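# A look at the structure
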Amino acid sequence: MKKICSTRSSIPIQKKIYLLLMSFLLCFSSFSVADDLTAKEKLGKKIFFDKKLSVKKNQSCGSCHGKKVGFTGPDSEINSEGAVFEGSVKGRFGNRKPPSAAYATNSPVFSPVMENGDVIFIGGNFWNGRATGLKLGNPAADQAQGPFTNPVEQGLPDNACVVYRVCNSKKYGELFDEVWPGACEIYWPVKKYIEKKCKDKNGEPLKLWSKTRKQVDQAFDKIALSIAAFEGSSHVNQFSSKFDAFLAGNAEFTAEEIQGLALFQSKGKCANCHILDPGPNGEPALFTDFTYDNLGVPRNPENPWYYQEQFNPDGINWVDLGLGEFLASTPTDLVPDYSEFAQSNMGKQKVPTLRNLDKRPYEGFVKAFMHNGYFKSIKSVVHFYNTRDTKPRCEDKFTTESEALSQGCWPEPEVIANVNTDEMGNLGLTEAEEDAIVAFLKTLSDGYEPHDDDDDDDDDDDDDDD
């Protein structure tokens, strides 16, 4: 499996850790986190938590990307099953687990690169990379536009509904005009027409004059850029984990956590994709190389998408082809024709950051992992990486994680092609070594306070539904 970055070398692991510590200490000396939000970031936060920007006025971006869990799925019960969150319209579900919005703004614009004679893809947002950043120059901004008009998410019939409600918000409409002067100077149709159309869960796009449509599209872009500004702020990308404190000399790792870090870089091969290099702007490690991989993850039998007949005609036979499906899609003015690379990328999903992997509001809160939420604990993820190819196949490809663990098997991959067999599947880790890696991964959650046992490290931003 070819990767852009790799930590493999002949340097002894103890020296690697020492060099890593020294590089990050230098990084922290020049990297500072602002305490306050800019006007654009404040605006983006208001929009991010505004439930009125959905067809039923009941769902915001924050409904699926909660702060207290690292800006991913904030409902323990949902995570423990299908892991896909219900949209604004009751009974409508998407097909994947919400990715983390934290640290997402660091992803570069989607592009192919040549690595050792092979073409691989980096950057973009969403699990399959379709929010390329080629439109707005920022994948997080491109991504922010998607859920508003997705019928299984916030469900508005037209981006004009988003713009109209933002511009007429009593709580932040003036702030939008301050940040983006003139953006709301739009000649709208009759108010009753707009409000009626924007409440229709099965509605058609609004009929607008061409000039109005152009103004709406421009304002919608500014809304997305505002959200991306908030997602790129110090409130979302905090770099305040125990790992960060350790590198700054403000915390000590346990012996198990130190062992886990060493295994993360060596025998576990985790750092081959979740790299420890500083970010492009001198940020501490982002724990991703922004590439795509098929890890052989099984289907999640509890994914509600299988039963969304209105939106998923394939039903139980639907297969998530990930990046390959996006590359096979019809090219646009922005996205070139990448269809020749589709087959070699079928089943690949974006390598996520590991930051906030274990961030949760209380000990028993269930988080879901991987693009489809198949795994329900970090331990089972590490165990899968370690034993995927050594355990027997489960007889039923729709075996749940708990059933697989109890039966001592793993189901077949959802997509059998292009499975990564170079960096996982038969790592030979002992159970104690698995536990050590898990211990290290738990040091990556923001909000670490050495002398404070309070799990709720911040204010109630999750409830900010302006």
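Here's what I pulled together on the structure shown here. Since the model is a prediction, treat every value here as computed from it, not as a measurement. (Residues numbered from 1 in each chain as written. Predicted model: local features only at pLDDT ≥ 70, side-chain atom pairs only at ≥ 80, totals over all residues. Heavy atoms only, no water.)

## Observations concerning the packing of aromatic side chains
Applying the stated criterion to the full structure yields 30 aromatic pairs. Ring centres 5.0 Å apart and planes at 70° place the aromatic pair Tyr-103 and Phe-239 in the edge-to-face group. In this pair, Tyr-103 sits in the loop between helix H3 (76-79) and strand E1 (111-115) while Phe-239 sits in the loop between helix H8 (210-231) and helix H9 (242-247), placing the two residues 136 residues apart along the sequence. Each member of the pair Tyr-103 and Phe-239 is classed as buried. Judged by centre distance (5.9 Å) and plane angle (85°), the rings of Tyr-306 and Phe-398 are edge-to-face. Of this pair, Tyr-306 sits in the loop between strand E3 (292-293) and helix H11 (323-327) while Phe-398 is found in the loop between helix H12 (378-387) and helix H13 (401-407), placing the two residues 92 residues apart along the sequence. With a relative accessible area of 4%, Tyr-306 lands in the buried category. For Phe-398, a relative accessible area of 19% gives the class buried. Each member of the aromatic cluster is reached from another via a ring pair, and the members are Phe-110, Phe-121, Tyr-292, Phe-326, Tyr-338 and Phe-341. For Arg-130, the ring lying beneath its charged end belongs to Phe-126, and the centroid distance is 3.8 Å. Seen from the ring of Tyr-103, Arg-355 lies directly overhead, with NZ or CZ sitting 5.5 Å from the centre. (Phe/Tyr/Trp six-rings, centres within 6.5 Å; stacked < 30°, edge-to-face > 60°. Helix = DSSP H or I, 4+ residues; strand = E, 2+ residues; numbered from the N terminus. Buried < 20%, exposed > 50% of the residue type's maximum accessible area, 1.4 Å probe, protein only. Lys NZ or Arg CZ within 6 Å of the ring centre and 35° of its normal.)

## Quick notes on the state of the cysteines
Per the stated rule, a full pass over the model turns up three disulfides. Here Cys-167 engages in a disulfide with Cys-184; their sulfurs sit 2.0 Å apart. Its torsion about the S-S bond being -85°, the disulfide of Cys-167 and Cys-184 is classed as left-handed. Of this pair, Cys-167 sits in helix H5 (residues 159-167) while Cys-184 sits in the loop between helix H6 (173-179) and helix H7 (191-197); the two residues are 17 residues apart in sequence, bridging distant segments of the chain. Cys-167 sits in the buried class, given a relative accessible area of 15%. Covalently, Cys-394 is tied to Cys-409 through a disulfide, its sulfur atoms 2.1 Å apart. Between Cys-394 and Cys-409, the S-S torsion sits near 100°, and that sign places the bridge as right-handed. Placement of Cys-394 in the loop between H12 and H13 and of Cys-409 in the loop between H13 and helix H14 (431-441) is noted, with a sequence separation of 15 residues between them. (Disulfide = S-S within 2.5 Å.)

## Section: the packing of H5 against H8
As a packed pair, H5 and H8 sit with axes 9 Å apart at the nearest point and diverge in direction by 70°. Classified by the angle their axes make, H5 and H8 are roughly perpendicular. The segment H5 lies against H8, with Asn-159, Ala-160, Val-162, Val-163 and Val-166 engaging Arg-213, Val-216, Asp-217, Ala-219, Phe-220 and Ile-223. (Axes fitted to C-alpha atoms, helices over the stretch in contact; angles between N-to-C directions. Parallel < 35°, antiparallel > 145°, perpendicular 65-115°, else oblique. Contact = heavy atoms within 4.5 Å.)

## With respect to the packing of H12 against H14
Remark: H12 packs on H14, axes separated minimally by 9 Å, with the N-to-C direction vectors making an angle of 130°. Relative to H14, the element H12 is oriented oblique. Here H12 and H14 pass one another in a crossing that is right-handed. Here Ile-378, Lys-379, Val-382, His-383, Asn-386 and Thr-387 of H12 lie close against H14, whose contacting residues are Glu-431, Glu-434, Asp-435, Ile-437, Val-438 and Leu-441. (Left-handed = near helix turned anticlockwise from the far one by under 90°.)

## With respect to the pattern of salt bridges
For the structure on display, the rule yields eleven salt bridges. The shortest N-O distance in the salt bridge between Asp-221 and Lys-135 comes to 3.4 Å. Taken together, the residues span a long stretch of sequence, with Asp-221 in helix H8 and Lys-135 in the loop between strand E2 (118-122) and helix H4 (139-145) at a distance of 86 residues. Overall, Lys-135 belongs to the partly exposed group, its relative accessible area being 44%. (Salt bridge = Lys/Arg side-chain N within 4 Å of Asp/Glu carboxyl O.)

## Some details on H14
H14 sits mainly inside the fold: eight of its eleven residues count as buried. Buried residues of H14: Glu-433, Glu-434, Ala-436, Ile-437, Val-438, Ala-439, Phe-440 and Leu-441, and no others. Buried residues along H14 sit against H9, helix H10 (255-265) and H12.

## Section: the pairing of E2
Remember that side chains alternate between the two faces of the sheet whenever the strand is regular. Two strands pair when backbone bridges link them, and E1 and E2 are joined in this way by five bridges, in the antiparallel orientation. Residue Val-113 lies in a different strand from E2, and its bridge partner there is Ile-120. Counted along the chain from E1 to the antiparallel partner E2, the turn is two residues long, and its residue Asn-116 has a positive phi close to 55°. (Pairing = 2+ DSSP bridges.)

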